[in-house]
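# Architecture and fold: a report
Residues per chain, in single letters:
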Amino acid sequence: MKTLRDVKVGETVSVVKLHGEGAVKRRIMDMGLTKGVSVYVRKVAPLGDPIQVTVRGYELSIRKADAEMVEVE
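This write-up is about the structure you can find in this document. What you see as residue numbers is a count from 1 along each chain, following the sequence as written. In keeping with the predicted nature of the model, local features appear solely for residues at pLDDT of at least 70, side-chain atom pairs appear and are counted solely at 80 or more, and the whole-chain, interface and lining totals rest on all residues. Values shown for side chains rest on all heavy atoms present in the structure; no hydrogens or waters enter the calculation.

The next point concerns the pairing of strand 4 (residues 51-55). Relative accessible area decides the class of each residue, using a 1.4 Å probe on protein chains only: under 20% of the type maximum gives buried, over 50% gives exposed, and in between gives partly exposed. Going along the chain from the N terminus, every DSSP run of H or I of four or more residues is numbered as a helix, and every run of E of two or more is numbered as a strand. Across the 5 residues of strand 4, 4 count as buried, placing the element largely inside the fold. Two elements, strand 3 (residues 38-44) and strand 4, share 5 bridges in a ladder whose sense is antiparallel. Pairing of Tyr 40 across the sheet is with Thr 54, part of strand 4. Between strand 3 and strand 4, which pair antiparallel and follow one another directly, the connecting turn spans 6 residues, one of which, Gly 48, has a positive phi of 90 degrees. Should DSSP find at least two bridges between two strands, the strands are regarded as paired. For strand 4 and strand 5 (residues 58-62), the ladder comprises 5 bridges, and the chain directions are antiparallel.

Laid out in structure tokens, this is it:
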């Protein structure tokens, strides 16, 4: 299983599934990370947290812990 955290800078991936429970999953979905959406990884901070991505035409910074809950291909 490949997660958003494993994606290298400059790659574009598609969201397959969201893992997580209740409020955490809802928050990720509210940020625009839903099944089938295309995600482009723009930058990763020097220590790996946070990760900056482009999703649905806007830039989003997401924590490593949240990025691990997003399964991609």
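Let us keep going from here.
Here the nonpolar core consists of buried residues drawn from Ala, Val, Leu, Ile, Met, Phe, Trp, Tyr and Cys, with membership extended through side-chain atoms lying within 4.5 Å. Grouped together as the largest cluster of nonpolar side chains are 19 residues, with contacts concentrated most on Leu 4, Val 15, Leu 33, Val 39, Ile 62 and Val 70. Elements with a contribution of two residues or more to this core: strand 2 (12-18), strand 3, strand 4, strand 5 and strand 6 (70-72). Ignoring any residue separated from it by four or fewer positions in sequence, one finds Val 70 in contact with Lys 2, Thr 3, Leu 4, Val 15, Lys 17, Leu 18, Ile 28 and Leu 33. Pairs of residues are marked as contacts when any of their non-hydrogen atoms sit within 4.5 Å.

Function cannot be read off these values alone, since they describe shape.
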